[in-house]
Amino acid sequence: MVTPGQFARAIVPRGTTTIIADPHEIANVCGIKGIEFILQASEGLPLNIYIMLPSCVPATSFENSGAVLDAKELAKLINNKRVLGLGELMDYPGVISSDDSILDKIITAGEKKIDGHGPNIEDKELNAYVAAGVRTEHECSTLEEMKNRLELGLYILIREGSAARNLEALVHGVTRENSRRCLFCTDDKHPDDILSGGHIDNNLRLAVKQGVDPITAIQMATINAAECYGLKNVGAIAPGYSADIIVLDDLRDFQVNKVFKEGKLVAENKKAIFKVTSSDYSSVIDTVRMKEINKEDLQVEVKSDIVNVIKLLPHSLVTEKAVRKVETENGAFKYHKSLDILKMAVIERHKATGNIGLGLVEDFKLKGGAIASTIAHDSHNLIVIGDNDDDMLLAINEVERVGGGITICSNGEVLRTLPLPIGGLISDGTMEEVNLQLNEMLNIAYNQLGVNKDIDPFMTLSFLALPVIPEIKLTDVGLFDVNKFCFMDLSVTE
C-alpha cells in the first residue's frame, strides 16, 4: 500500500536488501504504465527491486481489469536488466490446455524464469504445467503439495503473509536433501505485520522456532532465493558478491542491528538512515471510473430461498461453497440479523461498463455497516460488503470520491477512509501513516461493527474477488466456481 521508496524504508532496516516483485496489481489497473512506474520509482534505492512481468492481466477472462497485457506488450520490457522473467501463471487451466495467448507469453520469457501459481493441480496436469517452463510455486498449503512439486524440480517459496500463513505447516517438509530448493516469501503482507513482526526476518524466526536449523533457514532466505532467480552477485558474503551484510544479535531471534548495502551502512536499530525522494505518479492516478450506482443495482435477485454462499475460512485465502437457506422479499435476498450472511458486490471501476457481480458471504460477521475497497485481487475492481444497502452505497460513493482506497461506513456516516490515490492501491504517505490509519479502521471493524476476529477484514475482502484461488469467488461478471473454472448460479433450484 506504499510506494517502492516507502517500502524500502520499512523493510531494509529489517534485513531485506533484495526483493523479486510481481507488480500485477498496478498492472491490472494501469497496464505497462503501472510497471514502468514501479521501475522508475524504485531506482536509486538501497534495495534491489527486480521485476517479474505480470503474466495474467487480467488474471482470467472471467473478469474485467483496467488493462490487457499480451505477449506483444510484455516484449517491450522483457529485456530490461531488472526484469527477471514472467510472473506467476495464475491461469493454470490456460497453461495446461495450451492456450495460444499464454504460450506466447511463455515464449516471450525465453530463458528467463517463470513463476507458478498452481494450487490443487495434480498428476498429468501438474506435469504439463511444469513442462511449460514453470520453476517456482508459492501456493502450497500442504506437505503433500510441497512434496509433489519438489519431486518435479520446482523451487518452493514458503509463504507467510497476512492472510495466507503456510510456514508452520510447510517447514516440516524441509529436509537436508531438499532444503536448497526451498526459500521464503511474504506475498501480501499488511503494513502492521511488517512494522510489528518483520519481513523475511519474521520467516526466519518462525522457521527456527519450528525446528529448522538456523543455518539452513538463513540459506533459504539468502543464497537459495538468489540461485532460484539467477542472481549472481547477492545471497552470500564472499569475494565477488555485493557487500550486503546484516548484523544480528543471535541466530534465534534474528533481531537486526545494522544493515549494510554494498558496503554502506543504510539502517541501524530498525531505522532507515537513507532519504527517499518523491516519485512522479501522475500517470497512475484518477483510476476510478464507474457508472452511477443506486440501491436497485445492489438487489440480489434469487430464484429460491436456497442459495450458494461464499463461506470464509479462518486465516486462509481459500473459501468453501456452502448451501444455505436465506430470507427473501419480492424475489430478492433480504438480510436477517440472526443469520451471518452478508451481501457483497464487485463493481467494474476501470472503464465505467456498469458491470456488477453480486454474491453472499458467510462468517464475515459484520453488523450495522459496510466496508468498500478498490483493492480487489487481481483486477482491482471496487468491492463492497455490508448488511444494508444505504451504507453500502455510501461506501461506494466515498471510495469513488477519494480516487480509490478503503472506507468503512455505519448508520449513514463515513467512519474512516484510507485514500489510495496511486492506482486505487497505493498511498502517497509513509508506511507508518498508512499503518496508523489501518489500525484505527481495524479497531472500528472489530469493535464497532463486530467483524470476525479470525479474519483481517480488509485483506480477506480483497481476495474474495480472486477467481484463481478455490473454491468460490465473486467477480464483476458474477459468482465463480474456481474448481470448475466457470460461472455458477447464486440460486440452488434442484
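Treat the numbers as computed from the prediction; the structure is a model and nothing was measured.

Draft legend 1. Seen up close, the pairing of strand β23 (residues 478-481). Strand direction decides the pairing type here: strand β22 (residues 472-475) and β23, joined by four bridges, are antiparallel. Within β23, the residue paired with L474 across the bridge is L479. The antiparallel hairpin formed by β22 and β23 contains two residues in its connecting segment. Pairing geometry for β23 and strand β24 (residues 486-487), over two bridges, is antiparallel. Opposite F480, over in β24, you have F487 as the bridge partner. Between β23 and β24, which pair antiparallel and follow one another directly, the connecting turn spans four residues, one of which, F485, has a positive phi of 55°.

Draft legend 2. How the structure looks around the environment of Y241. Residue placement: Y241 occurs in the loop between α13 (223-228) and β8 (245-248). For the pair Y241 and Q255, spaced 14 residues apart in the sequence, the C-alpha separation amounts to 23 Å. The residues touching Y241, leaving out its near neighbours within four places in the chain, are I223, K232, N233, V234, G235 and A236.

Draft legend 3. Region of the structure containing the UniProt feature "domain: Amidohydrolase-related" (unreviewed entry) in the protein chain. As annotated in UniProt, the feature "domain: Amidohydrolase-related" (unreviewed entry) corresponds to residues 3-266 in the numbering used here. Helix makes up 37% of residues 3-266 and strand makes up 17%, while its end C-alpha atoms are separated by 18 Å.

Draft legend 4. Region of the structure containing a negative patch on the surface. A cluster of acidic side chains, namely D70, D99, D100 and D104, defines a negative patch on the protein surface. Relative to the helices and strands, D99 resides in the loop between α5 (92-96) and α6 (100-109).

Draft legend 5. Here's a closer look at the packing of helix α11 (residues 200-209) against helix α12 (residues 214-221). In contact at an axis separation of 9 Å, α11 and α12 are set at 150° when each is read in the N-to-C sense. Taken together, the axes of α11 and α12 are roughly antiparallel relative to one another. In this structure, the crossing between α11 and α12 has a hand that is right-handed. Residues I200, L204, A207 and V208 of α11 lie in contact with α12, whose contacting residues are P214, A217, I218 and A221.

Draft legend 6. How the structure looks around the side chain of T374. Turning to its location among the elements, T374 is positioned in the loop between β18 (370-373) and β19 (382-386). In terms of polar contacts, T374 uses its side chain to reach the backbone amide nitrogen of G405, at 2.8 Å. Aside from chain neighbours lying at most four places away, what touches T374 is V288, R349, H380, N381, L382, V399, G404, G405, G424 and L425.

Basis of the calculations
- Residues numbered from 1 in each chain as written.
- Predicted model: local features only at pLDDT ≥ 70, side-chain atom pairs only at ≥ 80, totals over all residues.
- Heavy atoms only, no water.
- Pairing = 2+ DSSP bridges.
- Helix = DSSP H or I, 4+ residues; strand = E, 2+ residues; numbered from the N terminus.
- Contact = heavy atoms within 4.5 Å.
- UniProt positions renumbered as here; feature names shortened; annotations may be inferred.
- Patch = residues over 30% accessible without salt bridge, like charges linked within 9 Å, V, L, I, M, F, W, Y side chains within 5 Å.
- Areas by Shrake-Rupley, 256 points an atom, 1.4 Å probe, with all protein chains shown as cover.
- Salt bridge = Lys/Arg side-chain N within 4 Å of Asp/Glu carboxyl O.
- Lys, Arg positive; Asp, Glu negative; His and termini not counted.
- Charge placed at Lys NZ, Arg CZ, Asp CG, Glu CD.
- Axes fitted to C-alpha atoms, helices over the stretch in contact; angles between N-to-C directions.
- Parallel < 35°, antiparallel > 145°, perpendicular 65-115°, else oblique.
- Left-handed = near helix turned anticlockwise from the far one by under 90°.
- Polar contact = N/O pair within 3.5 Å; in protein donor to acceptor, adjacent residues only side chain to side chain.

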